[in-house]
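Coordinate analysis (summary)
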Amino acid sequence: MSHHTLPRAHPGTGAPSPSAAVGAAPGATSPVATSPAATAARAAGEPPSAAGRASAVAAPPAVDPLSAVDPLSVWPRSTAPVGHDDLAVAGVPLTEVADRFGTPAYVLDEAEVRHRCRAYLRAFPGADVYYAAKAFLCRALVHWVREEALGLDVCSAGELELAVAAGFPPERIVLHGNAKSPADLRAALRLGVGRIVIDSTSEIARLAAAVPPGARQKVLIRVVPGIAAGGHAKIRTGTDDQKFGLSLTDGSAQHALARVLGQPRLELVGLHCHLGSQITTVKPYLSAVRRLTGLLARIHEQHGITLPELDLGGGHGIAYRPGEPTLDLASLGSRLRAELARGCAAAGLPVPRLAVEPGRAIVGPAGVVLYRVLSVKRTGAHTFVAVDGGMSDNPRPALYGVRYAPRLIGRRPSAAPEPVTVVGRHCEAGDVLAADVQLPGDLRPGDLLAVPVAGAYHLSMASAYNLVGRPPVVAVTEGQARLLVRRESLADIQERDIGL
Ligand SMILES: Cc1ncc(COP(=O)(O)O)c(C=O)c1O
Ligand SMILES: N[C@@H](CCCC[NH3+])C(=O)O
């Protein structure tokens, strides 16, 4: 087992868990939903659709087909049982975190984040690894990523300013965005970001005009290679006819390239592409390398230049529930390098420096969210377990139909598991956090639920819906818990509102 696959240890055994190998056994993936719509969605590599979920709600399966997989396989590697009813992450019992910091609360295992950063550097030797800040950013994370020698991918002046204020070297930052505002570009130029990725033709002259006389800004062009990949239609960005990047198929990328070359204040250093998110196979990345290598060769022929950098974006998929597939990093790294070397040799080009931009795969599996049960309602067909968070801190199930595996902690259940639907507290029937999950049949108000794989795209996409306030973030490190981001208080919320 290679360390690049990011295996986790079974608590108490030190043995790698089955999830470390699931990328090699996609047949093991079998979401709970059993409807024809859900089956078709799985065949297409998608999580069950909202429609598939709805019919699964109507006919929940009697037996969870994933029950044979280690239930802790998607938790941080440091996770260990405490007694019969609690779990500790990095040596800190989760019930203690809930008691001390309240709920909902997000818990981040620092060592897991660092481990994942290191695994990337091992899987991509000699490459630049930019952590995609959109997955989650706070000052402590900026420090961890800097100390682990990664770069940072930001897509707003907000992410950029926070990172630089926390001491991140601007030259190791790449700025993205399909609609960069004048403020974004001003901040990038003022702070001296290493690279800006051109996403549209109209941005080129605007950026060039903002670069101070005598200076040159390094840029890449975001190319859309015309490849469909990604865990859900809403997070696919490699296909033509969506809002990101410049198409290879219709010639927009080549057109933009000529324009960039005509701007003396812009230094074109390479090509970029980001296929989408939650991709669990290597194949689409290999296709992207082939298409971009072809473009590098044409650029060389037509313009006589050799671009030194190739940034392949992020999108590396992870498991949210035991048994789901993950992208095998070691395989991705070695096969990408081999494909790039082969393509460049065939075209007579030097191999460009590779870059990747993982977000989810670094921080997602390092996070756990804790919720307190507020009510349990049995409607006959369903049991709805309502908790003190919801779509305001995790919009992902509502947006993409993503399924999670919550777990009761803090007391021993006295009833067998049964299908329940965990819902949030918001005024929205679609505020479902986990549909048809197996949880003890005696759940009651006051119980604590812990949900793993909560580190990416939860808090970074959190909203102010119903003005409940965003949860805190607590780091756990070697038996100690510390607050990284405090809970948003009602005073915080009221302070913003300065009207009469
Ligand atoms: C340009 C770019 N790079 C990197 C990422 C990070 O993606 P992920 O978190 O799926 O690795 C994204 C988001 O999908 C992105 O848009
Ligand atoms: N926010 C999405 C992924 C989009 C990534 C950003 N380009 C998610 O939660 O899965």
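Residues numbered from 1 in each chain as written. Chains lettered and ligands numbered in written order. Predicted model: local features only at pLDDT ≥ 70, side-chain atom pairs only at ≥ 80, totals over all residues. Heavy atoms only, no water.

The name given to the protein chain in an unreviewed UniProt entry is Diaminopimelate decarboxylase, with Streptomyces caniferus as the source organism. According to UniProt, the comment filed for the protein chain under the heading Sequence similarities (unreviewed entry) is "Belongs to the Orn/Lys/Arg decarboxylase class-II family. LysA subfamily." In its Function (unreviewed entry) section, the UniProt record describing the protein chain reads: "Specifically catalyzes the decarboxylation of meso-diaminopimelate (meso-DAP) to L-lysine." (UniProt positions renumbered as here; feature names shortened; annotations may be inferred.)

Quick word on the nonpolar core
Counting 135 residues, the largest nonpolar core has L94, F124, Y131, L152 and L271 as its most contacted members. The dominant element in this core, judged by the number of residues it contributes, is helix α10 (residues 283-303), at nine residues. Y130, V197, V269 and A355 belong to the second-largest nonpolar core, a separate cluster that totals six residues. (Core = buried A, V, L, I, M, F, W, Y, C linked by side-chain atoms within 4.5 Å. Buried < 20%, exposed > 50% of the residue type's maximum accessible area, 1.4 Å probe, protein only. Helix = DSSP H or I, 4+ residues; strand = E, 2+ residues; numbered from the N terminus.)

A closer look at unusual backbone geometry
A cis amide bond links T103 to the next residue, P104, at an omega of -10 degrees. Relative to the elements of secondary structure, P104 occurs in the loop between α3 (94-101) and β4 (105-109). Look at Q278: it is not a glycine, yet its phi comes out positive at around 60 degrees. When you line up the elements, Q278 lands in the loop between β11 (266-272) and α10. For Q278, a relative accessible area of 15% corresponds to the buried category.

Remarks on the pattern of salt bridges
Applying the stated criterion to the full structure yields 22 salt bridges. Between E418 and R378 there is a salt bridge whose closest N-O contact spans 3.0 Å. Of the two residues, E418 sits in strand β17 (residues 417-423) while R378 sits in strand β14 (residues 367-378), which places them 40 residues apart along the sequence. Looking at E418, the relative accessible area reads 24%, which means it is partly exposed. Notably, a salt bridge pairs E488 with R470, separated by 3.0 Å at the nearest N-O pair. One end of the pair, E488, is in the loop between β21 (480-485) and α14 (490-496); the other, R470, is in the loop between β19 (448-452) and β20 (473-477), with 18 residues separating them in the sequence. Of the residues examined, E488 reaches a relative accessible area of 19% and is grouped as buried. (Salt bridge = Lys/Arg side-chain N within 4 Å of Asp/Glu carboxyl O.)

Observations concerning the UniProt feature "domain: Orn/DAP/Arg decarboxylase 2 N-terminal" (unreviewed entry) in the protein chain
As recorded in UniProt, the feature "domain: Orn/DAP/Arg decarboxylase 2 N-terminal" (unreviewed entry) lies at residues 111-363. The distance from the first to the last C-alpha atom of residues 111-363 is 11 Å, and the span holds 41% helix and 16% strand.

Re the side chain of H458
Mapped onto the elements, H458 comes out in the loop between β19 and β20. Those residues in contact with H458 that lie beyond four places of it in its chain are Y106, D393, N394, P395, R396, Y404 and V453. (Contact = heavy atoms within 4.5 Å.)

Digging into the UniProt feature "modified residue: N6-(pyridoxal phosphate)lysine" (unreviewed entry) in the protein chain
When the UniProt feature table is mapped onto this chain numbering, "modified residue: N6-(pyridoxal phosphate)lysine" (unreviewed entry) sits at K134. Non-local contacts of K134, meaning those with residues more than four positions away in its chain, are made with D153, C155, E159, Y457 and S460.

Observations regarding the pairing of strand β5 (residues 128-132)
For a regular strand, side-chain orientation follows a simple rule: the groups alternate between the two sheet faces. Counting buried positions along β5 yields four of five residues, so the element is predominantly enclosed. Alignment of β5 against strand β13 (residues 353-356), held across two bridges, turns out to be parallel. For V129, the partnering residue across the bridge sits in β13 and is V356. Here β5 pairs with strand β6 (residues 151-154) via three bridges, running parallel. For Y130, the partnering residue across the bridge sits in β6 and is G151. With helix α5 (residues 139-147) bridging β5 and its parallel neighbour β6, the resulting β-α-β unit is right-handed. (Pairing = 2+ DSSP bridges. Right-handed = clockwise from strand over helix to strand, strands pointing away.)

Description of the confidence of the model for the protein chain
Here the protein chain averages 88 in pLDDT, while 86% of its residues score no lower than 70. For residues 1-66, every residue scores under 50 in pLDDT, and the model assigns this stretch 118 contacts once sequence neighbours within four places are set aside. Quick note on the complex model: pTM equals 0.88, ipTM equals 0.99. (pLDDT = per-residue confidence, 0-100.)

Structural notes on the sheet that holds strand β3 (residues 92-93)
Pairing within the open sheet is antiparallel, and its three strands lie in the order β1-β2-β3. Sheet topology places β1 (80-82) and β3 at the edges, where each strand pairs with a single neighbour.

A few points about helix α11 (residues 329-347)
In this model, α11 (19 residues) spans 27 Å end to end at C-alpha, consistent with the 27 Å of a helix rising 1.5 Å per residue. Among the residues making up α11, those that are buried are L329, A330, L332, G333, L336, E339, L340, G343 and C344. Taken together, the buried residues of α11 touch α4 (110-123), α10, β12 (309-311) and β13. Where α11 begins, the capping side chain belongs to D328, and its oxygen is found 3.0 Å from the backbone nitrogen of A330. Positive phi appears at G348, one or two residues downstream of α11, with a value of about 70 degrees. (Expected span 1.5 Å × (residues − 1). Polar contact = N/O pair within 3.5 Å; in protein donor to acceptor, adjacent residues only side chain to side chain.)

Regarding the site of ligand 2
Around ligand 2 lies a shell formed by K134, I235, S277, R360, R396, Y400, Y457 and M461. Between ligand 2 and R360 there is a distance of 2.7 Å, counted from an oxygen atom to a side-chain nitrogen or oxygen. For ligand 2, whose unbound accessible area comes to 310 Å², protein coverage reaches 83%. Split by residue class, the shell around ligand 2 holds four nonpolar, one polar and three charged. (Near = heavy atom within 4 Å. Areas by Shrake-Rupley, 256 points an atom, 1.4 Å probe, with all protein chains shown as cover. Nonpolar A, V, L, I, M, F, W, Y, C, P; charged D, E, K, R; others polar.)

Some thoughts on the packing of aromatic side chains
In this structure the tally under the stated criterion is two aromatic pairs. Ring centres of Y120 and F124 lie 6.0 Å apart, and the angle between their planes is 10 degrees; on these two criteria the pair is classed as stacked. The same class applies to Y120 as to F124, namely buried. Arranged with centres 5.4 Å apart and planes meeting at 75 degrees, the rings of Y320 and Y404 form a pair that is edge-to-face. Taken together, the positions of Y320 in the loop between β12 and α11 and Y404 in the loop between α13 (396-400) and β16 (407-409) put the pair 84 residues apart, joining distant regions of the chain. (Phe/Tyr/Trp six-rings, centres within 6.5 Å; stacked < 30°, edge-to-face > 60°.)

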